[in-house]
Structures are given as C-alpha cells and as structure tokens.
There are 2 protein chains.
Amino acid sequence: MTEDTIHSHLLKSFFCCILLGMVKLNVATPSGFPEFSPAQEAVKQHWIRIIQDTFEANGFMPVTTPLVERQENLIAKGGNPKEMYVLKRLHDQEDDMSHSGNALRFDHTVPLALYVARNFNELTFPFKRYSIGPVLRGERAQKGRFRQFDQCDIDIIGSGDLSVVNDALMPAIIIQIFEKLAIGDFVVRINNRKILTGFFQSVGIEAGQIKTVLDGLDDLEKKGPVAVTKTLLEQGIGEKAIQKIFHFTALSGESNETILQSLATVKAGDVFAEGVSELTEVYTALRAMKVDRRVVLDLHIARGLDYYTGTVFETNLLNADGTINRALGSICSGGRYDDLAEVFTGKKLPGVGISIGLTRLLFQLFDAGIVVPRRSSPSDVLVALQDQAYLPQALELGALIRSWGITVEQYLEPKKLGKQFAYSDKLGIPLCIVVGENEVKTQSVYIKDLRTGHQETIRLDVLPVKLKEILQK
Amino acid sequence: MTEDTIHSHLLKSFFCCILLGMVKLNVATPSGFPEFSPAQEAVKQHWIRIIQDTFEANGFMPVTTPLVERQENLIAKGGNPKEMYVLKRLHDQEDDMSHSGNALRFDHTVPLALYVARNFNELTFPFKRYSIGPVLRGERAQKGRFRQFDQCDIDIIGSGDLSVVNDALMPAIIIQIFEKLAIGDFVVRINNRKILTGFFQSVGIEAGQIKTVLDGLDDLEKKGPVAVTKTLLEQGIGEKAIQKIFHFTALSGESNETILQSLATVKAGDVFAEGVSELTEVYTALRAMKVDRRVVLDLHIARGLDYYTGTVFETNLLNADGTINRALGSICSGGRYDDLAEVFTGKKLPGVGISIGLTRLLFQLFDAGIVVPRRSSPSDVLVALQDQAYLPQALELGALIRSWGITVEQYLEPKKLGKQFAYSDKLGIPLCIVVGENEVKTQSVYIKDLRTGHQETIRLDVLPVKLKEILQK
C-alpha cells in the first residue's frame, strides 16, 4: 500500500468504528473538576440549605454574580494571571468580538467588589450579602486541590465606616452553622492583625518585614517553632525579636479573659492598642450573644491574605481530647479588611467577611470518615407496583402521601416486588408501600420497613399519623 | 517633543492616573452575562427552593456535574461548536496541558449522559435526578438571550426500558411547582410525537420531510396557518397533505376525553396507534393523580428538538380570559427520548425529562410585571441601636429573636434612629425593635412597624407570641 492508501484505509476504519459505536470516548471528568456521588451530593445540598438558611436568618441578601467578568477587572483586584481561566469560543468569529476578554471568577470577593461598584447608588449600606457557588482556578491538579470548587461567602460592607462590632457577627454565624451541621465540637479562633503588626513594630521589625513574620506565624502550627525560627533568621529577622514574638504569642494558652487582661497591660504603641481595643470589643459582643464558649482568642492566627487589616478568624474541629484537629486545617476563615473596591469606585468601603470552602471541606470530611453519606434518595416512601391493574390506586396513593408533606416516589416498571424492594434498599428509601386487590378491598396499604424488615397492613384512615410515627423511628 | 518623549510623557500620565485612581475601569458585567438586583435575586432564590423541594418531594436526587467537560464529548452529543465556550488559561504553559481541550456545558442533558456513562455500574435504575445551575452558550447577545443562564432539569432514565407512565409524572411535577409559585392559572399541554409522525406518514409525507412538517406545526401558533402553509408548500409538501394535517390537529379544540375518543377511531398505521395508546395511558395516569384539570391534550405541540420520540410537554400561563399567554411562550417544556447516552455507553437508555429556563423566565416575568420583587432583605426584624450603652442588650435580643425562628439582623452603626428606620424601609424589613434605658428597666422592647407606622412597647415575656402575630399581618 502507498502511504496515501494506508491513510485512507485508516480513516475508513476510524469512521467505521464511530459508526459502530466502537470508539471509546473518554467520559471522565476533566482533571481537577471532581463530582460527588448521589449520596455525597445529598449531603452537600443539605449543607448548602443549612448555610443559606443561616445566612438569611442573619439578614444577609443573596447576590449571584456571573461566572465571568472582564479580565482586566479581575487582574486589577489582584487576580493571579497564572491561575486565571479565560473564556473563548471554540470557533471565534471576527464579526462578534464581544466574547473575548472575559475570565472566570476565582473567588466571590472580587465579583462582590465589582457588584458594589456596578450598583453603588442602588445599594443600602451596611450592605450584607451572601454568595454560594462555584469559582474556578487554573491550579496544578493535585489531591485536595480542585480547579472548580464551591465557596460560601458572607460579607458586610460599610460605606466610609463600619463598626467593629460587625466583626463579632461573623463568629456568631459560624457557630450557628457548625452547630446545625453537627460534625463535632469546634472552636472559632480570633485574633487582630493590628495586635500582631503593632507588637512586631515594637520589637523592631521593619514595615517591609511584617508580611514575612505574619507568614512565619501562620506556618507555626504546621512546621513548628524550630523550622519557622530558621526561616525567619534567614529572612533577616533578629533572633531576639523572634523570641519576643514567640513569647508574646504563647499568651494564647490562657483563658480569653486572662489574655485580654494581659494585653491591656502591654505597651506596644498605638496600632497595638487599637488592636487590643478592637479585640476586646469583639469579644464583649460575643459574650453578649452568649457564644463565647466556642471562641478562643489566639495570638497565632494571622491569615496569609494580604488584605486583612483587623480581626481575623479561623475555625477548627476539635479532637476527642479537646485538642485542635490540625490535619483538617481551618474549616471556615475570614477577617476584616479596609478596602473592598477602591480601585473600582474611588471610595472607602471597609468590610468583614468569612468563607467556607465547601467542596474541599466536604471531600476532606468524607475522606476522614467524619461525615458518612447515608442515603442517595430523598424519598421516605416508595409506592411499589405489584399489579398493573392497581396502577391508578398506586398513583393516587403517592399523590396523597405527598400531600401530607412526606417525600415519596412511584415505582412504575413491571418488575417483581423483590426487585422493587431491592431498588429502595440500594437508594436508602426506608419504606415501601404496596396497594393491591386485598388492600383496595380493605381500604388499607401494605408497608414494608426496609430498615428492620418489619411488615404490616395499615388502614388508610390512620395512615398519615402511622406513617409519620414509623418514619420518626 | 520627540515621539519618544511624547510616548514617555503619555506613559507617565497613564501611571499617575492609575496611582490617583483616576483610570475608570469598565465595571459592567460582560455582554450576555446579566445580574439580578437584590430584590430580584431574592425571588430567584425563593423559586429555586420551591423547585428543588418539589423535585425532592418526588424522589429526584441532586446531581451536580462540573461546569466543564471534555470538548469532544460535548460535540459527540450534538453540541453546537459555534456556540461552545472553551476554557483556556490566560497564560497557557507548555508544561501543563491538562487545562486544554475542555469546554463549558451548554445544557444539563449532555452532562447527565456523561454522568450516567461515568457511573453506570454504581447507579440504580430507573435513575431519577435533578440538576439546577448555570449553563453557558456563546450566542449572539440580544434581548432575552443570555450567554449564561440557570436551568432546572429533571430526568428519569431507564436501563433498557422505561414505562410510559413515568411520562405522566412530569406534568404532575410541573403542576406542583407552578401551583406553589402562584404566578397565575396555567395549563400543561401534552402531545405524542408518534401520533404526529404516524399521521404524517399516513397522508403521504416522506420520512425525510417529517422534521420539516414538525417544525411547521411548531411555528403554527406564532406565524399562523397561511404563513406556515406557504413555507411547507415551498418545501415540497403537498397541499392536500397540509390540509389533512391542519384538519387533524384542529381536533385539539375539543375536551381531552373527546380527543382521545376521536383518536381511537382514526386508522393511521402502527406508529400512530402506539402514540394514541401512550397518550391515553399518560392521561389516565394524570387522572388518577387528580391533576387532569390542568392538562390539555394538544395535537399542535411538536417541540423542535430532534431527540424527542414520544410524549412532549409545554406549559403556558393563561390570560385572564382563559386564553394562552402566547407572548410568554412555554414556561416549562420537555418530553420522552429513546437515547440518552448510547454514544458514550453503547447501551439503550430511554428517558423522560423537563426543564425550566429559570433566568430567562424570571426576566420575562419581571419585564411583564407578572412577578414584582418586593423585598431585598430576608430579615423580618431589625434590632436597632439607639444607644451604644445598650449594645449588649441589643445583641442579646437579636440572638434571642433568632432562636424563635425569626430572621433578624443587627444594626450596629452609631447613626440616628431615623436613619436606621430608613435603612429598614429601603430593604423592606417590616419591623424595627429598639431596646434602651426605659425598655431595660421595664423588661420590654419598643417596636415600630414600618409597613403601617404603628409603634408599641411590648413586654419581653410575651414578645415571641406577639412578634409572630405582628409578622403574620
């Protein structure tokens, strides 16, 4: 065969394969774009409802920004161009360039800044909004790092000013959420960046080095004091200063009240004093809201992000012995910042916010066995179909049960009852109900509880009460 | 000045402008990526809850697929490459090509096909899933056409077979949803494609022309019989055949029972008879579920999409005089298809599904004044702050009211009470509560109802009951 005929031959067999459906397409999700199983997704939806309900119970309004923003705006607010995804049409046509120059959002904060800039005159400040949804980052694919993941954010934005007491609302909301999610005991750890930067200045750290020391402090829990000291020394921080800082932050072992009392006696300049005053005010508010037992003041908390300027939060699950679950890291973090959107608005818009990295957190909790998905199906009841002749009765019964506020689905395939029970069992539907000749005659239904194997016949007139009783078991 | 110095001068002033914050960035959303106002978004979230709750109440499981799939898979299932958006990194690096070759989903159906292919062995059939979320299409920007929009889909997928009675579940669910959404009277119009294609064949329409006639039928309501006849004649359809088809579909004016009786007497081949039998079975099931009063059998309904093979649905709002609101078009559509994912699985997977185009529908309803967003804030109560001295009491009160299941937010800025009332009023928060010296002394709170201007003082011990009473007004 000549090269041409080989080529043509190969092409032909290729098309035959397609025609015969024999070309195996790779149906896997793209790398870094994970997917939950139905049972895991059911947990995620349950979490989203609790999170959303709690945000709304505290007066936060939903804001959904587009997935896509103008590229230059995302970059202007510090987006990392190396991780930024842009949107292009597969076949870009010259006659319609309105599709280019747009990039996918990588968080909810920059879109919030743009939203406030777009709608400044229509918004009412302080502006309290929540955003729940996916963000995209072109990161290197690795375990626990996703390229698309859901984040749940709230922020309170002031116009010009924003009382520091708003900072106290954040831990209060975190606590409401994680108490309802009931994944175990937890603490919200709070600090104030002004306390740290003020103290650093007082021990001779130069302004240009403060970020280095903050990062070192952030690494302390993960890497330990020896490694962090070594790094800081290498970066030109004096040994004495490092010792003083470690000695100061070690205060964190004490009770919240002792920490605040001790801080009040330290003289370390105006910025420090301001931080102490703010932290005291935030803690006093948390006591008034009676959530202080979940709160730990911790001078180690720095939060890596550049833009936090005051209060900072981290949330940690506790191990059985009361120590912090460090493997999991912070499950909800945030803080106070001075500048949301000056680059877009020319206005001072201070804010405070928190974020739950939902996708990543759930993957970690599933992996660690802390959350175990139990059921795929939301149905409490399956109305089975034993006999096609009683299909109308089965459909009527399903509609009736649903009208009592019970989630119910119909099985409509002509399969044996055993198969229908197996279907329910696999999906985690607790109850199967059958209606056939006998049941119609006696105005009753046959119920099988798949959790226990228990079977009984129940009269229709007592079914609503009985069904709710059985489901509550 | 030389050209070089002019250039340098321009560059300098450009950077100065940036430094002075004087460069106006265009903060608008990209064309075709719209955004709701807070009050509109509140409606959208309310709708999503009702839709999601109803899907779950009927046993549908949540499935969330990634926004991104492999490009070749989207094209294999009929994605239009001209409208397809692909994802690229802004700076694509040669060392990590795992970011290329992926495109954004343009509907929920193709991702469902891929999801089923990916998880075939773990899934339980019939597989009932819902998906709610954004899809993206690189369409030409025009009024009412968006490049990103939310769709709410449910589908039931059978492995090998799927009883036609499942088709009846779809109108039943549509009816549950739109009764709860309460946007006015509506009907679900139902037809079966086999009735149409069978009848077309019986009047001599060739197989290759059936799609043309179906499209003509779809256009009938919009364009009228004269225009459609002209088009069909131009496409080579005989005048007699067209007359017979119009005469046949005009049966739709009769009652559902009369239509089914008439259809039973028409002899038009096996495919036609199968369609009549299926439509009768679906309608009988809808009667058993007692939702037939919302159902209209309509032989005009064809649905443009190629892949529908049996039952098809459209949903329409009714005008005050009981006629169909044609300006709005179908608010929820769907149908039965034979092949979900054969190209990915090599298996027969018939299904039936419906979709609500949420974003487009809401924009239309807002525009037409059929849905009027009333409130931006979810809060029922604002706890105001008249006097900083009583901040702890205000915070405690807010937490207490929230514990009664009432949505409540705190106002924490040191502003005059009038400003705080104005804030509530603008956001649509009905009640403001103040606690000051007098109230603490008398164990009471001061309440202002911003809807009526009514003010009263209420004792703390009766507040939970009183508050719920006032809010129910």
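Worth saying up front: this structure is predicted, and the values here are computed from it rather than measured.

On to unusual backbone geometry, then. Outside of glycine, negative phi angles account for most residues, and trans bonds account for most peptide bonds. Here A:F125 and A:P126 are connected by a cis peptide whose omega angle stands at -5°. Residue placement: A:P126 occurs in the loop between α4 (109-118) and β5 (127-136). Of note in this structure, B:A182 is not a glycine but carries a positive phi near 50°. One can find B:A182 in the loop between α5 (165-181) and β7 (186-192). In the Ramachandran plot, B:Q443 falls in the positive-phi region, its phi being about 50° despite a non-glycine side chain. With respect to the helices and strands, the residue B:Q443 is situated in the loop between α15 (437-442) and β15 (444-449).

Before going further, it helps to examine the interface of chain A and chain B. Across the contact, 108 residues belong to chain A and 108 residues belong to chain B. When chain A packs against chain B, close to 9300 Å² is buried across both sides, 57% of that on carbon and sulfur atoms. On inspection of chain A and its partner chain B, the count reaches eight salt bridges. One salt bridge in this structure joins A:E35 and B:R118, with 2.7 Å as the shortest N-O distance.

A few words now on the sheet that holds strand β9 (residues 308-317) of chain A. Residues and elements named next belong to chain A. Strand order in this open sheet of eight strands is β1-β5-β6-β11-β10-β9-β7-β8, and the pairing throughout is mixed. Only two strands of the sheet have a single neighbouring strand rather than two, namely β1 (61-62) and β8 (295-297). As paired elements, strand β6 (residues 148-157) and strand β11 (residues 351-356) share six bridges and run antiparallel to each other. Paired with D153 across the strands is S355, a residue of β11.

Residue and element names in this part refer to chain B. On the basis of which strands lie adjacent, the open sheet formed by eight strands has the order β1-β5-β6-β11-β10-β9-β7-β8 and mixed pairing. Every other strand in the sheet has two partners, leaving β1 (61-62) and β8 (295-297) as the edge strands with one partner each. As defined by bridge partners, strand β9 (residues 308-317) adjoins strand β10 (residues 333-337) across three bridges and the pair is classed as antiparallel. Note that in β10 the partner of Y308 across the bridge is Y337. Across the sheet, helix α2 (residues 38-57) touches β1, β5 (127-136), β6 (148-157) and β11 (351-357), and the angle it forms with β5 is around 160°.

Attention shifts here to the relation of the copies chain A and chain B. Each copy superposes on the other: chain A lies on chain B with an RMSD of 0.1 Å after a rotation of 180° and an axial shift of 0.0 Å. Classification of the inter-copy transformation places it as that of a two-fold axis. Of every C-alpha in chain A, the one belonging to A:L87 sits nearest the axis of rotation, 2.6 Å from it.

Helix-helix packing: each pair is described by the crossing angle between the helix axes and the interaxial distance. Residue and element names in this part refer to chain A. At a minimum axis distance of 11 Å, the contact between helix α7 (residues 210-234) and helix α8 (residues 239-249) shows a crossing angle of 145°. Relative to α8, α7 is oriented so that their crossing is left-handed. Touching V213, L217, L220, P225, V228, T229, L232 and L233 of α7 are E239, I242, I245, F246 and T249, all from α8. Classifying every residue of the contact of α7 with α8 by side-chain character gives ten nonpolar, two polar and one charged.

Note on placement: B:T407 falls in the loop between α13 (391-403) and β13 (408-410). Since its relative accessible area comes to 17%, B:T407 is described here as buried. Among the polar contacts listed, one links the side chain of B:T407 to the backbone oxygen of B:P378, at a separation of 2.6 Å. Non-local contacts of B:T407, meaning those with residues more than four positions away in its chain, are made with A:E56, A:A57, B:P378, B:S379, B:D380 and B:V381.

The next thing to look at is the nonpolar core. Within the largest apolar cluster, 102 residues are counted, with the highest numbers of intra-cluster contacts made by A:W47, A:F178, A:L263 and B:I401. Other than its neighbours up to four places away in sequence, B:I401 contacts B:V381, B:V383, B:I406, B:V408, B:I433 and B:L467. Residues B:V188, B:L232, B:L260 and B:L365 belong to the second largest nonpolar core, which totals 101 residues.

As a further point, take α13(B). All names here are of chain B. Helix length check: α13, at 13 residues, gives a terminal C-alpha distance of 19 Å against a target of 18 Å (1.5 Å per residue), a fit within 8%. Those residues of α13 lying buried are L391, A394, L395, L397, G398, I401 and R402. When α13 is viewed along its axis, its buried side chains cluster within an angular range of 160° and face the same direction. Once α13 ends, the next one or two residues include G405, with phi positive near 85°.

With that settled, the discussion passes to the packing of aromatic side chains. Applying the stated criterion to the full structure yields 28 aromatic pairs over all chains. Ring centres of B:F33 and B:Y85 lie 6.5 Å apart, and the angle between their planes is 40°; on these two criteria the pair is classed as tilted. Here the residue B:F33 occupies a position in the loop between α1 (3-19) and α2, and B:Y85 occupies one in strand β3 (residues 85-89), the gap between them amounting to 52 residues. Note on accessibility: B:F33 and B:Y85 belong to one class, buried. Members of the aromatic cluster, connected to one another through ring pairs, are A:F36, A:F146, A:F363 and A:F366. In this structure, A:R294 packs its charged tip against the face of A:F186, placed 4.4 Å from the ring centre. A cation sits over an aromatic face here: A:K347 above A:F120, 4.5 Å from the ring centre.

So, about the environment of A:K82. Residues and elements named next belong to chain A. Inspection of the secondary structure assignment puts K82 in the loop between α3 (71-76) and β3 (85-89). In this structure K82 comes out as exposed when scored by relative accessible area, which is 51%. Note: C-alpha distance between K82 and R137 (55 residues apart in sequence) is 9.1 Å.

Before going further, it helps to spend a moment on the pairing of β5(B). Residue and element names in this part refer to chain B. With respect to burial, β5 is a largely interior element, nine of its ten residues being buried. Pairing of β1 with β5, which is carried by two bridges, proceeds in the parallel orientation. In the sheet register, M61 faces β5, and the bridge partner there is R129. In this structure, β5 lies alongside β6, joined through ten bridges in antiparallel fashion. Note on β6: the bridge partner recorded for V135 is F149.

Bringing the pairing of β9(B) into the picture now. Residue and element names in this part refer to chain B. Of all ten residues in β9, nine are buried, a share of seventy percent or more. As judged from the seven bridges shared by β7 and β9, these two strands associate in the antiparallel manner. Looking at the pairing, V188 lines up with T315 of β9.

Right, let's talk about the environment of B:Q455 for a bit. Residue and element names in this part refer to chain B. By secondary structure assignment, the location of Q455 is in strand β16 (residues 455-459). Along the primary structure Q455 and L431 are separated by 24 residues, whereas in three dimensions their C-alpha atoms are 9.8 Å apart. With near-sequence residues (within four places) excluded, Q455 lies in contact with Y446, I447 and K448. Here Y446 takes part through its side chain, which lies 2.5 Å from a polar atom of the side chain of Q455.

Before going further, it helps to spend a moment on the packing of helix α6 (residues 193-202) of chain B against helix α10 (residues 269-288) of chain B. All names here are of chain B. At a minimum axis distance of 7 Å, the contact between α6 and α10 shows a crossing angle of 155°. Relative to α10, the element α6 is oriented roughly antiparallel. In this structure, α6 crosses over α10, and the sense of that crossing is left-handed. Mapping the contact onto sequence places K194, I195, T197, G198, F199 and Q201 in α6 and V271, F272, E274, G275, V276, E278 and L279 in α10.

Opposite charge on two side chains permits them to pair, given that their charged atoms come into close proximity. Within this structure, the stated rule accounts for 56 salt bridges over all chains. Salt bridges sharing common partners tie together A:R189, A:E221, A:D298, A:R303, A:E314 and A:R326.

Residues and elements named next belong to chain A. This prediction gives chain A a mean pLDDT of 91; 94% of its residues lie at or above 70. Across residues 1-22 the pLDDT falls below 50, and counting only partners more than four positions away or on other chains, this stretch makes five contacts in the model. The ipTM assigned to the predicted complex is 0.92, against a pTM of 0.93.

Analysis parameters
- Residues numbered from 1 in each chain as written.
- Chains lettered and ligands numbered in written order.
- Predicted model: local features only at pLDDT ≥ 70, side-chain atom pairs only at ≥ 80, totals over all residues.
- Heavy atoms only, no water.
- Helix = DSSP H or I, 4+ residues; strand = E, 2+ residues; numbered from the N terminus.
- Contact = heavy atoms within 4.5 Å.
- Buried area = accessible area lost by both parts, 1.4 Å probe.
- Salt bridge = Lys/Arg side-chain N within 4 Å of Asp/Glu carboxyl O.
- Pairing = 2+ DSSP bridges.
- Axes fitted to C-alpha atoms, helices over the stretch in contact; angles between N-to-C directions.
- Least-squares fit on C-alpha atoms with pLDDT ≥ 70 in both.
- Left-handed = near helix turned anticlockwise from the far one by under 90°.
- Nonpolar A, V, L, I, M, F, W, Y, C, P; charged D, E, K, R; others polar.
- Buried < 20%, exposed > 50% of the residue type's maximum accessible area, 1.4 Å probe, protein only.
- Polar contact = N/O pair within 3.5 Å; in protein donor to acceptor, adjacent residues only side chain to side chain.
- Core = buried A, V, L, I, M, F, W, Y, C linked by side-chain atoms within 4.5 Å.
- Expected span 1.5 Å × (residues − 1).
- Arc of directions from axis to C-beta.
- Phe/Tyr/Trp six-rings, centres within 6.5 Å; stacked < 30°, edge-to-face > 60°.
- Lys NZ or Arg CZ within 6 Å of the ring centre and 35° of its normal.
- Parallel < 35°, antiparallel > 145°, perpendicular 65-115°, else oblique.
- pLDDT = per-residue confidence, 0-100.

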